[in-house]
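The lines below spell out each chain.
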Amino acid sequence: MDPHFQHLYDILAHAQGYIFPNEIDLQWGILIVVYPFITGLVAGAFILASLERVFKVKILKPTYQIALLTALSFLLVATMPLISHLSQPQRAYEIMITPHSSSAMAIFGFVYLWYLAVVLLLEIWFDYRHSMVVWSNEKKGVMKWIYKILTLGVNDISPRTIHWDRKLGYIITIVGIPSAFILHGYVGFIFGSLKANPWWSSPLIPIIFLFSAMVSGIALVMLVYMIVSYLRKKAIDLNVLDAIGKYLFFILILDFTLESLDQIHRIYEAEESFEIIKLLVSGKLYLTLFVAQGLIGTIIPLITLVFLQFYKHKIKLQKTMYFIVSVLVLIGVYSMRWNVVIGGQLFSKSFSGFTSFKVGLIGLDGTLMAVFWLVLPIGILAFLLWLLPPWKMVKEED
Amino acid sequence: MSQSTSTMGNEKINTSRRKFLKTAVTLAGATIGYTWLKSSQILLFAAKPKDENLPWYGLVIDIQKCIGCGNCAKACKNENDVPIEPFFFRTWVEQYTVKNDGSVNIVSPNGGINGFEQTVPTEDIFKSFFVPKMCNHCSKSPCTQVCPVGATFESPEGVVLIDEKYCIGCRYCVQACPYGCRFIHPVKKVANKCTLCYHRLKKGLEPACMETCPTGARMYGNLRDKNSDLVKFLKEHTTLVLRPHLNTGSKLYYNGLSSEVR
Amino acid sequence: MKFYIPPQITRLALAFAIFITLFLVLRHFLVPKTFGEYGHYRGASLIDNAQPEIHYAGQQACFKCHQDIEDKKAQDVHSEIHCETCHGPGEKHVVLSKTEKILKPAGREFCGSCHVINAGKQKSMINQIDLNKHNIGKNCIECHNPHQPWEMKK
Ligand code: SF4
Ligand code: SF4
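What counts and what doesn't
Residues numbered from 1 in each chain as written. Chains lettered and ligands numbered in written order. Predicted model: local features only at pLDDT ≥ 70, side-chain atom pairs only at ≥ 80, totals over all residues. Heavy atoms only, no water. Helix = DSSP H or I, 4+ residues; strand = E, 2+ residues; numbered from the N terminus. Buried < 20%, exposed > 50% of the residue type's maximum accessible area, 1.4 Å probe, protein only. Contact = heavy atoms within 4.5 Å. Areas by Shrake-Rupley, 256 points an atom, 1.4 Å probe, with all protein chains shown as cover. Rg over C-alpha atoms; globule rule 2.2 N^0.38 Å. Lys, Arg positive; Asp, Glu negative; His and termini not counted. Charge placed at Lys NZ, Arg CZ, Asp CG, Glu CD. Pairing = 2+ DSSP bridges. Axes fitted to C-alpha atoms, helices over the stretch in contact; angles between N-to-C directions. Buried area = accessible area lost by both parts, 1.4 Å probe. Salt bridge = Lys/Arg side-chain N within 4 Å of Asp/Glu carboxyl O. Polar contact = N/O pair within 3.5 Å; in protein donor to acceptor, adjacent residues only side chain to side chain. Nonpolar A, V, L, I, M, F, W, Y, C, P; charged D, E, K, R; others polar. Near = heavy atom within 4 Å. Core = buried A, V, L, I, M, F, W, Y, C linked by side-chain atoms within 4.5 Å. pLDDT = per-residue confidence, 0-100.

## Considerations on the overall build of chain B
Right, so step 1: Helix and strand content of chain B: 7 helices and 11 strands.
Right, so step 2: Looking at chain B as a whole, 58% of its 262 residues qualify as buried.
Right, so step 3: Summarising the internal contacts of chain B: among those between residues at least 6 apart in sequence, 62% fall at separations of at least 24.
Right, so step 4: Split by element, the accessible area of chain B, about 11300 Å² in all, is 57% carbon and sulfur.

## Notes on the overall build of chain A
Right, so step 1: When you go through chain A residue by residue, the secondary structure sums to 15 helices and 2 strands.
Right, so step 2: Over its C-alpha trace chain A gives a radius of gyration of 23 Å, about what one expects of a compact globule, namely 21 Å for 398 residues.
Right, so step 3: Its C-alpha atoms give chain A principal-axis dimensions of roughly 70 × 55 × 35 Å.
Right, so step 4: Within the span of chain A, comprising 398 residues, buried residues form 59% of the whole.
Right, so step 5: Restricting to contacts in chain A with at least 6 residues of sequence separation, those with at least 24 account for 80%.
Right, so step 6: On chain A, roughly 17000 Å² of surface is accessible, and the fraction owed to carbon and sulfur atoms is 72%.
Right, so step 7: Across chain A, the mean location of the 30 positive side-chain charges is 13 Å away from that of the 24 negative side-chain charges.

## Overview of the sheet that holds strand β2 (residues 91-99) of chain B
All names here are of chain B.
Right, so step 1: Taking strand neighbours across the sheet as the criterion, the 3 strands line up as β3-β2-β4 in an open arrangement whose pairing is antiparallel. The open sheet is flanked by β3 (104-107) and β4 (125-134), the only strands paired with a single partner. Across this sheet, the average inter-strand angle for adjacent strands is 20°, counted without regard to direction.
Right, so step 2: Taken together, the 4 bridges between β2 and β3 define a ladder with antiparallel strand orientation. Opposite Y96, over in β3, you have I106 as the bridge partner.

## Digging into the interface of chain A and chain B
Right, so step 1: Taken together, the 46 residues of chain A in the interface contact 53 residues of chain B.
Right, so step 2: Around 4300 Å² of area is buried between chain A and chain B when both sides are counted, 55% of it from carbon and sulfur atoms.
Right, so step 3: Of all residues in chain A, A:N22, A:Q27 and A:K195 bury the most surface against chain B, accounting for 16% of the area lost on that side.
Right, so step 4: For the pair chain A and chain B, the interface holds 1 salt bridge.
Right, so step 5: The salt bridge involving B:R262 is made with A:E272; its shortest N-O contact spans 3.3 Å.
Right, so step 6: Joining chain A to chain B, the criterion identifies 32 residue pairs in polar contact (both at pLDDT 80 or more).
Right, so step 7: Elements supplying a minimum of two residues to the side of chain A that touches chain B: α1 (6-14), α5 (94-97) and α6 (104-138) of chain A.
Right, so step 8: Here the side of chain A that touches chain B gets 4 residues from one element, more than from any other, and that element is α6(A).
Right, so step 9: Its residues placed into classes, the side of chain A that touches chain B shows 24 nonpolar, 15 polar and 7 charged.

## Quick notes on the site of ligand 1
Right, so step 1: Near ligand 1 you find 14 residues, and of these B:C135, B:N136, B:C138, B:C143 and B:C177 are the closest.
Right, so step 2: Residue composition of the shell around ligand 1, grouped by class: 9 nonpolar, 3 polar and 2 charged.

## Details of the nonpolar core
As a rule of thumb, nonpolar side chains are buried together in soluble globular proteins.
Right, so step 1: By size, the foremost hydrophobic cluster in this structure holds 150 residues, and its most contacted members are A:L75, A:Y115, A:L120, A:L388 and B:Y172.
Right, so step 2: In terms of residues, this core owes the most to one element, helix α9 (residues 205-231) of chain A, which gives 17 residues.
Right, so step 3: Sequence-distant contacts of A:L120, that is, excluding residues within four places in its chain, are made with A:F46, A:L68, A:A71, A:L72, A:L75 and A:Y115.
Right, so step 4: Membership of the second largest hydrophobic core comes to 44 residues, among which are B:I106, B:C209, B:M210 and B:A217.

## Side note on the confidence of the model for chain B
Residues and elements named next belong to chain B.
Right, so step 1: The predicted model of chain B has a mean per-residue pLDDT of 86, with 82% of residues at 70 or higher.
Right, so step 2: Here residues 1-13 is a poorly scored stretch, pLDDT under 50, and it has 2 contacts once near neighbours within four places are set aside; other chains count.
Right, so step 3: Confidence drops under a pLDDT of 50 for residues 37-43, and excluding neighbours within four residues, the segment shows 12 contacts in the predicted structure.
Right, so step 4: Predicted as a complex, the structure gets a pTM of 0.88 and an ipTM equal to 0.90.

## Points about the sheet that holds strand β11 (residues 252-255) of chain B
All names here are of chain B.
Right, so step 1: Pairing is mixed in the open sheet, where 4 strands are placed in the order β9-β1-β11-β10. Bordering the open sheet on either side are β9 (218-222) and β10 (239-240), each of which pairs with just one other strand.
Right, so step 2: Examined bridge by bridge, strand β1 (residues 57-62) and β9 share 5 bridges and lie antiparallel to one another. Note that in β9 the partner of Y57 across the bridge is N222.

## Overview of the site of ligand 2
Right, so step 1: In the vicinity of ligand 2, the residues found are B:C147, B:P148, B:V149, B:A151, B:T152, B:C167, B:I168, B:G169, B:C170, B:R171, B:C173 and B:A191.
Right, so step 2: Looking at the shell around ligand 2 residue by residue, the classes come out as 9 nonpolar, 2 polar and 1 charged.

Structure representation (structure tokens):
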């Protein structure tokens, strides 16, 4: 026996029932759990920012730039887990040069580029251009040049041009909302379009992905806002938290409804695959589905959010609760990604058995790698907040 | 900074910029034009109409004939350099045993290579049979549909193949095949599956599994040729494909397929 | 009055034009030559897929030398079974018949791989033997000639 295959022999010993002999290996591991999680954070954060802009929600103003920069820093690494899980990563460029039009994964490359270059970068650029011009005039040395390059040489700050900045930024936001919807709905489609897998194949999956994306993005912005305020030693505005909390509550409810709808539909139709899915849900997925995703990620946050709408006494306690809620929601959405990605591969396509899954720590598709891709955007965000501090922007009167 | 100098500066930049823009646009246009002329394909490479002179391969597996000896699975591993381990098979044999209480026992120890041992006591057996499995060479194959780069495709002869030099190893096709026919080759690190022994067909030989099947349970042939043995067989027997509701356009027809088979 | 185009627009258009041009130029050099020849794949891959060497020679190759076995086999129930089913891959032996010897399997287990009794086998397809009862201790080929099983040796 080749020691190279030792882990597969272990899995073989743990398989239950009958699985096809090629199903021994889980094809998509923890990195593919992280991938939709990160993309979801991007889409969610952006949608929150757009809310402020399009619907002129004044109260959310302090979080606008934070949300945009959060979205950007996560978007920059969004494709990395995908690329690092390939067994031939050096060939990844082929997706861009010969994309197969019928493949959901191929078109994702273009959806991603569109979103990165046309939506997010442009929106941030229009938003910051005025300030960057001012900064480039104020600063000395390297920083001066960095800002100069970032303005792309457009240093006209006459009222007319600035007016256009705002106008164009607004247009981009309008384009951006459907783009953000598409970006993450599309990630859901990568799974939802696979008719071979009954756990994934569902027209509701893209929509569910979208709403859970919004939930996670909003929670993340709330978290980042609190942490950034804390680090800057500025008071956290409770009104901001209340407003975000309200959105979080409604979207969490929607998300919960949609997911229940999907499961109820599955249970009622009880297709060929129903028996195996029932076993999956009550066995291998019990902890991550009912406890992590359902209880910790949905029910507890929902109750807490309702409570916070009425409880207005101890400010410190309220803030702590918002903090905990956002962390719980993030855990819940992460578990949801896990349940979809890993859960969909645990049962055999013969519907007669289960394989087992053990996450490795090291290697290109191990836990450390996944953690790295989750931590990296936080570093990028810190850098972006230093480079483009929202609190030092040039004030513009409306 | 006075108003006049800035305007003048702007105008100067504007002309040089316009020039540059013009060049850039021409360059882009020329490249697009060239790519277009080259193959009239910018990003999409359309499939060519099927060549009627080439065979269009289909397969038949006769379940009644299969004795579960596993010679096919063994020969396949030998012929196609698949690691000799109890996982990763381009073809394998399953044994279904339907018990008197209605429950179904499915096994495929080492893909059937070492034969089968009946573990269900004889008095409990309602019926039992062997089912050889392999790639169905689907004509509407979900696996080629999802490959992001075109590294798996249907050959003009209707054989679903993999381009080992182009596969990026994303495993999307493995997920998309409803029959569990694909795997990532542990040494080559690219997708792998039955090629219907394309290299043998091209040399005028039978696929290895058919060469070594002692009972002739497997058959391949040209679906276009109405006089081929395969087409005749299909005419005379009631055959079925696996998972017909998924509409994969499977070209592997089973004779005597029982409803328990997945 | 001249139509006003804000400077941001022209500059961004330029940036995008450069980016797209660069992409198209790169793409032009990176796409494999035969890509798209027959469909959305590398045409040369068809040749690659036909390349690998064969291991099983096919029984016609065997009969070129072993005419006697062909005749023998033709007279009995093993007539339809190709040589390499039992003797294993033979291409090496075909090329280097002196040095590369072919497998000569023997033993109850080997014959049993087809003939052992199992409820899954159709009675009409194959004679099934209970290895625990049928002439225990004897090797199958002591009585049966594998090329002509019913021409009993004793
Ligand atoms: S059986 Fe599976 S691998 Fe073969 S063509 Fe169909 S989907 Fe693809
Ligand atoms: S693993 Fe290879 S053949 Fe399969 S979809 Fe990915 S690139 Fe295509």
